[in-house]
Amino acid sequence: MMKTSIIGTLRFRLSWTHGIIISIVIACVGSSHYYFISHKSQKDFDAHLLLDARLFVSRLSMTPVAVRLSTDGLSPVDVLTIEEFVPYFVITNLNGEVVPCDLYSKYVQEMLRLGEFKDLLNQTSGFMSLTAADGTVFRFANLQTGDSQNSSEFVVHLGRNREQVEATLREARIIGVYSVPLILALSVSIGWFLAGRALKPFDEVAQTAEHLTTENLNTQIATRHNEREVQRLVQSFNSMMWRLNRSFQQVRQFNADAAHELRTPLAILQGENEIALRSPSLPDDVRAVLASNLEELDRLTRVVNDLLTLAEAESGTEILQRKPIEVSAILRDLIEEMSALAEERQLKIECRGLPNLRVLGDDLWIRRALLNLIDNSIKYSKPGGIIEVSLKRVDSMVQIGIRDYGIGIDSKDLPRIFDRLYRADPARSRTKGGSGLGLSIVKWIVEAHRGQIKVHSQPDRGTTVEILLPAVEA
Ligand code: ADP
């Protein structure tokens, strides 16, 4: 199965796109809301400040000698409003010079001494924000009053602490800034969950597809999800499988037919060659050619027979007639059968104490598999060597081992030896008469019996083939 990093998955992309879009939308809405609120609060603050300031100025009486503030006849609320201004008011003439007054609070006097009201004193109208050295934010309204005719005009600067409003706005800003990553995390998690749910049917389809091999191409994917997209995917997948299966069947049928067609002419050629070789008057060079032809015909016949066996195998596992069979008995028979060939090559087949173990399988096919393996061990052993055959129980399986000390298989060839017509060393295998189909047949037989096959090999050291087949209790 193809592995990709999580970043490359559709689920990751969907959830992050979803998360980022939601966060951007919320951040935009949040900041517009913040700017609207802060603007409105400023306007409201200024409107109230101006109203109250007008009331304050109306209660001031200014003579050249003194400034007086009267609250007579005012309601308690208005008195409070006026008193609120007392700590933060200062009066200037139109040139920005401070008019002396004993009503100035200590705070104002200190600010005047420090020169912090420098900019404010020159204002003659409107509003002005001012941040004191201690960080307090003030908003001042500047109101002109007095008589312009006798040039006794003044500007009253009245301030109010804006700290409370500023603190609320600051809090709103902090909440806004911290909530963005939180919203992002939340929406990515929700997106991850939703995308996972939406993509699950596709994953199920992919999982079914992953288990398809040439053996089960007729499988049709079924899904319990009835969303139109999933249904469409499943339908197109199934119809593709149907077409693939049909093509595969046609190729298999062609292989079987071709092998079948070749069998008769090959048998005739073989027979005629053998008859011709019996003639005593045959010149030596012609005899040599005929003998070599016969060898090649032998090999061709083996290839054709193996192709037919494979074609038969590929028609399905139903051809197997399973019943409990004694593996040790089969091995003893085969060793006896093959010992003549082994002796011819100065080899010895050894088996020590084969236990009585049974597997559920087709006697004929299992014999064929073991015969192929022993035959390979003989073919690829060095003269004078031994071949060890072992049998043991491993958990719920029966393990059959065939070990030789022959030419071995290079590690680069090992993964391919089960491929059809693959030969690790074509020149050498050919002289030994191999068809290159033996191990493909063995693999099919083992897997059709729900078993496993493993090959360990080292060049020039030898090869061990292990077959595991499900055991049957005695
Ligand atoms: P062949 O008919 O050529 O033996 P197989 O399918 O049986 O074909 O084996 C495929 C290839 O695997 C062989 O050509 C050979 O190179 C290699 N092979 C199989 N068994 C052995 C073995 N016991 N020792 C060394 N090489 C082996």
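Trainee: What should I look at first to understand the packing of helix 1 (residues 10-58) against helix 2 (residues 76-85) in this one?
Mentor: The packing of two helices is summarised by the inter-axis angle and the distance between the axes. Look at helix 1 against helix 2: their axes get within 9 Å of each other, and the N-to-C directions meet at 95°. In terms of their interaxial angle, helix 1 and helix 2 are classed as roughly perpendicular. Touching L49, D52, A53, L55 and F56 of helix 1 are D78, T81, I82 and F85, all from helix 2. Each residue belonging to the contact of helix 1 with helix 2 can be placed in one class, and the counts come to 6 nonpolar, 1 polar and 2 charged.

Trainee: Any chance you could explain the site of the ligand here in plain terms?
Mentor: Contacts to the ligand come from 19 residues, most closely from N376, Y380, S435, G436 and L439. Within the contact set of the ligand, an oxygen atom lies 2.9 Å away from a side-chain nitrogen or oxygen of N376. In isolation the ligand exposes 530 Å². Once the protein is present, 97% of that is buried. For the shell around the ligand, the secondary-structure elements that each account for two or more residues are helix 9 (363-379) and helix 11 (438-448). Taken together, the residues of the shell around the ligand break down into 7 nonpolar, 8 polar and 4 charged.

Trainee: I keep staring at the pairing of strand 9 (residues 358-361) and nothing clicks. Help me out?
Mentor: One face of the sheet, then the other: side chains in a regular strand alternate in exactly this way. Of the two faces of strand 9, the one holding V359 and G361 is buried and the one holding R358 and L360 is not buried anywhere. Across 4 bridges, the pairing between strand 7 (residues 323-326) and strand 9 is antiparallel. Note that in strand 9 the partner of P324 across the bridge is L360. As judged from the 2 bridges shared by strand 9 and strand 13 (residues 462-472), these two strands associate in the antiparallel manner. Looking at the pairing, V359 lines up with A471 of strand 13.

Here is what the cut-offs are and how they apply
- Residues numbered from 1 in each chain as written.
- Predicted model: local features only at pLDDT ≥ 70, side-chain atom pairs only at ≥ 80, totals over all residues.
- Heavy atoms only, no water.
- Axes fitted to C-alpha atoms, helices over the stretch in contact; angles between N-to-C directions.
- Helix = DSSP H or I, 4+ residues; strand = E, 2+ residues; numbered from the N terminus.
- Parallel < 35°, antiparallel > 145°, perpendicular 65-115°, else oblique.
- Contact = heavy atoms within 4.5 Å.
- Nonpolar A, V, L, I, M, F, W, Y, C, P; charged D, E, K, R; others polar.
- Near = heavy atom within 4 Å.
- Polar contact = N/O pair within 3.5 Å; in protein donor to acceptor, adjacent residues only side chain to side chain.
- Areas by Shrake-Rupley, 256 points an atom, 1.4 Å probe, with all protein chains shown as cover.
- Buried < 20%, exposed > 50% of the residue type's maximum accessible area, 1.4 Å probe, protein only.
- Pairing = 2+ DSSP bridges.

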